[in-house]
Amino acid sequence: MSRLATNLLPILPPDLPPSFPAAGTVPAETRLIDAFGRRLTYLRVSVTDRCNLRCFYCLPEDAQFPFGDKAFLTPSEIERMVAAFVRLGIRRVRLTGGEPLVRKDVLEIVERIKALPGVENLALSTNGTELVRLAPALARAGVDRVNISLDSLDPEVFRAITRRGELAEVWRGVEAALAAGLHPVKLNAVLLRENLADVERLAALTLGQPLAVRFIEMMPTESNRHLQPDEYVSAGQARQRIEERFGPLTPLSAAEAGPRTGPAQAFRLSGAAGTVGFITPLSHTFCAECNRLRLTARGEVRLCLFADRTYPLRPLLAKPDPDAALESEILRVLQEKPAEHMLNQGNYGNLVSFMQIGG
Ligand code: SAM
């Protein structure tokens, strides 16, 4: 047994009865347990590869989407696939992209997923450009909370990073999300040489508002490899700047942090309403705690962001019993989830850009 599996032994579930769970019911426990004993309860669903921004570390300026919109799953196909994952034990779902809000039928997708018995939390990752228009409708349709990308609070730096974004528009989107009750509103900033001077200002947003600001180390992909390593800024560098300005960051108490559901380590500035977090896939991996699976916009399972293959589910929709076929294929491929990503060895699998799968 590998080192990873040994570490995970304490959380292995008791043996489950062979009939667990009855067909068509929502299990109390997840059946999605991989070869290393990791329990998968979180599904990230990309609904499109398209994006209306061109963040330079994510997409080339002239990004093409050669497959056309017809290649993307329809709302009912998404519902059918997500339902299979949920019957197997997924409890939290996140819609992502590309930019999910460029899909005209995004509200229908939200409604369909939210209506599935067993979905406890439905989140959405967005660049915020469409939130002024859509935040109230998303909340009504069933989105519980949003993560908004916000790499800089300087309009010129923001424009330079996104190549076409308007900071004021995204900021109005942040306010709209707060007003619509999509809490906690999380703001994600990818750490770059360009926005290092912004780190303190971004962290200061948490002083007066219940925002969770998270700093993410840039991960290498095929489309940004030319940027490495001089663009790369570690979470340690960002934390040092924040602590020099505001004093030591206090880790959230266990009670406040709640059960750990993601890779961010969360802290609070003294007296702040919100929290500051760091996501450190390169300087500290969190593979041993990975609880997630991904579904691409074309209906493929991706077991790890940096895996070198995906597993198509769409053909199974044509089978005589598609629900059973989906379940058994998901359970089968799950056993191939790798122990850990090999980013630190320079292997980022077949991921060209995060727009393929939404991070
Ligand atoms: N458009 C949505 C958004 O902006 O959140 C969802 C998709 S976007 C690809 C998801 C997140 O991945 C964004 O916060 C983006 O900044 C981040 N991202 C993209 N490429 C990245 C990379 N190479 N390393 C780390 N984060 C990246």
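Heads up: these notes are all about the structure in this document. On a predicted model such as this, the values are computed, not experimentally measured, just so you know. (Residues numbered from 1 in each chain as written. Predicted model: local features only at pLDDT ≥ 70, side-chain atom pairs only at ≥ 80, totals over all residues. Heavy atoms only, no water.)

Digging into the packing of helix 4 (residues 131-141) against helix 6 (residues 167-179)
Item 1. At a minimum axis separation of 8 Å, helix 4 and helix 6 run at an interaxial angle of 15 degrees. For the element pair helix 4 / helix 6, the angle class is roughly parallel. Relative to helix 6, helix 4 is oriented so that their crossing is right-handed. Contact with helix 4, carried on its side by Leu-131, Val-132 and Ala-135, involves Glu-169, Arg-172, Gly-173, Ala-176 and Ala-177 of helix 6 and no other residues of that element. (Axes fitted to C-alpha atoms, helices over the stretch in contact; angles between N-to-C directions. Helix = DSSP H or I, 4+ residues; strand = E, 2+ residues; numbered from the N terminus. Parallel < 35°, antiparallel > 145°, perpendicular 65-115°, else oblique. Left-handed = near helix turned anticlockwise from the far one by under 90°. Contact = heavy atoms within 4.5 Å.)

Description of the site of the ligand
Item 1. As a matter of local geometry, the ligand sits amid 17 residues, with Tyr-57, Gly-98, Glu-99, Ser-149 and Met-219 nearest to it.
Item 2. Here Gly-98 contributes a backbone N or O atom positioned 2.8 Å from a nitrogen atom of the ligand.
Item 3. Between the ligand and Asn-224, the relevant distance is 3.2 Å, taken from a nitrogen atom to a side-chain nitrogen or oxygen of the residue.
Item 4. Against a free-state accessible area of 550 Å², the protein chains account for coverage of 93% of the ligand. (Near = heavy atom within 4 Å. Polar contact = N/O pair within 3.5 Å; in protein donor to acceptor, adjacent residues only side chain to side chain. Areas by Shrake-Rupley, 256 points an atom, 1.4 Å probe, with all protein chains shown as cover.)

Here's the deal with the nonpolar core
Item 1. Counting 79 residues, the largest nonpolar core has Val-82, Leu-187 and Phe-215 as its most contacted members.
Item 2. Counting residues per element, this core draws most heavily on helix 2 (residues 75-88), which supplies eight residues.
Item 3. For Leu-187, the contacting residues outside a window of four places in its chain are Ile-148, Leu-150, Trp-171, Val-174, Leu-205, Leu-211, Ala-212, Val-213 and Arg-214.
Item 4. With 14 residues, the next largest nonpolar core counts Cys-51, Cys-55, Val-190 and Leu-227 among its residues. (Core = buried A, V, L, I, M, F, W, Y, C linked by side-chain atoms within 4.5 Å. Buried < 20%, exposed > 50% of the residue type's maximum accessible area, 1.4 Å probe, protein only.)

Remarks on the packing of aromatic side chains
Item 1. Overall, the coordinates contain three aromatic pairs when judged by the stated rule.
Item 2. Both rings, one in Phe-56 and one in Tyr-57, keep their centres 5.8 Å apart while their planes meet at 80 degrees; by these two values the pair is edge-to-face.
Item 3. Given the relative accessible area of 13%, Phe-56 is considered buried.
Item 4. By the ring-pair criterion, three or more aromatic residues cluster together here, those being Phe-215, Phe-267 and Phe-278.
Item 5. We note Arg-245 situated over the ring of Phe-246; from NZ or CZ to the ring centre the distance is 4.8 Å. (Phe/Tyr/Trp six-rings, centres within 6.5 Å; stacked < 30°, edge-to-face > 60°. Lys NZ or Arg CZ within 6 Å of the ring centre and 35° of its normal.)

Details of the side chain of Glu-99
Item 1. You can see Glu-99 is positioned in the loop between strand 2 (92-96) and helix 3 (106-114).
Item 2. There is no salt bridge for the buried Glu-99, and the closest opposite charge comes from Arg-133, which lies 8.6 Å off by N-O distance.
Item 3. Side chain to side chain, Glu-99 and Thr-126 meet in a polar contact 2.8 Å long.
Item 4. A polar contact of 2.7 Å, which involves the side chain of Glu-99, links it to the backbone nitrogen of Asn-127.
Item 5. For Glu-99, the contacting residues outside a window of four places in its chain are Thr-48, Arg-50, Cys-51, Asn-52, Thr-126 and Asn-127. (Lys, Arg positive; Asp, Glu negative; His and termini not counted. Salt bridge = Lys/Arg side-chain N within 4 Å of Asp/Glu carboxyl O.)

A closer look at the sheet that holds strand 10 (residues 292-295)
One key point about sheets: their strands pair by backbone hydrogen bonds, in either a parallel or an antiparallel sense.
Item 1. Taken together, twelve strands build an open sheet; the order of strands is 7-8-9-6-5-4-3-2-1-10-11-12 and the sheet is mixed. This sheet does not close on itself; its edge strands, each paired only once, are strand 7 (250-251) and strand 12 (311-312).
Item 2. The pairing of strand 5 (residues 186-191) with strand 6 (residues 212-217) spans six bridges and is classified as parallel. Pairing of Leu-191 across the sheet is with Glu-217, part of strand 6.
Item 3. In the packing of helix 7 (residues 199-208) onto the sheet, the strands contacted are strand 5, strand 6 and strand 9 (275-279), and the crossing angle to strand 6 comes to about 150 degrees. (Pairing = 2+ DSSP bridges.)

Details of unusual backbone geometry
Most peptide bonds take the trans form, and the phi angle of most residues other than glycine is negative.
Item 1. With an omega of -10 degrees, the peptide bond between His-183 and Pro-184 qualifies as cis.
Item 2. Along the chain, Pro-184 falls in the loop between helix 6 and strand 5.
Item 3. One non-glycine residue with positive phi stands out, namely Arg-163, at about 70 degrees.
Item 4. Mapped onto the elements, Arg-163 comes out in the loop between helix 5 (155-162) and helix 6.

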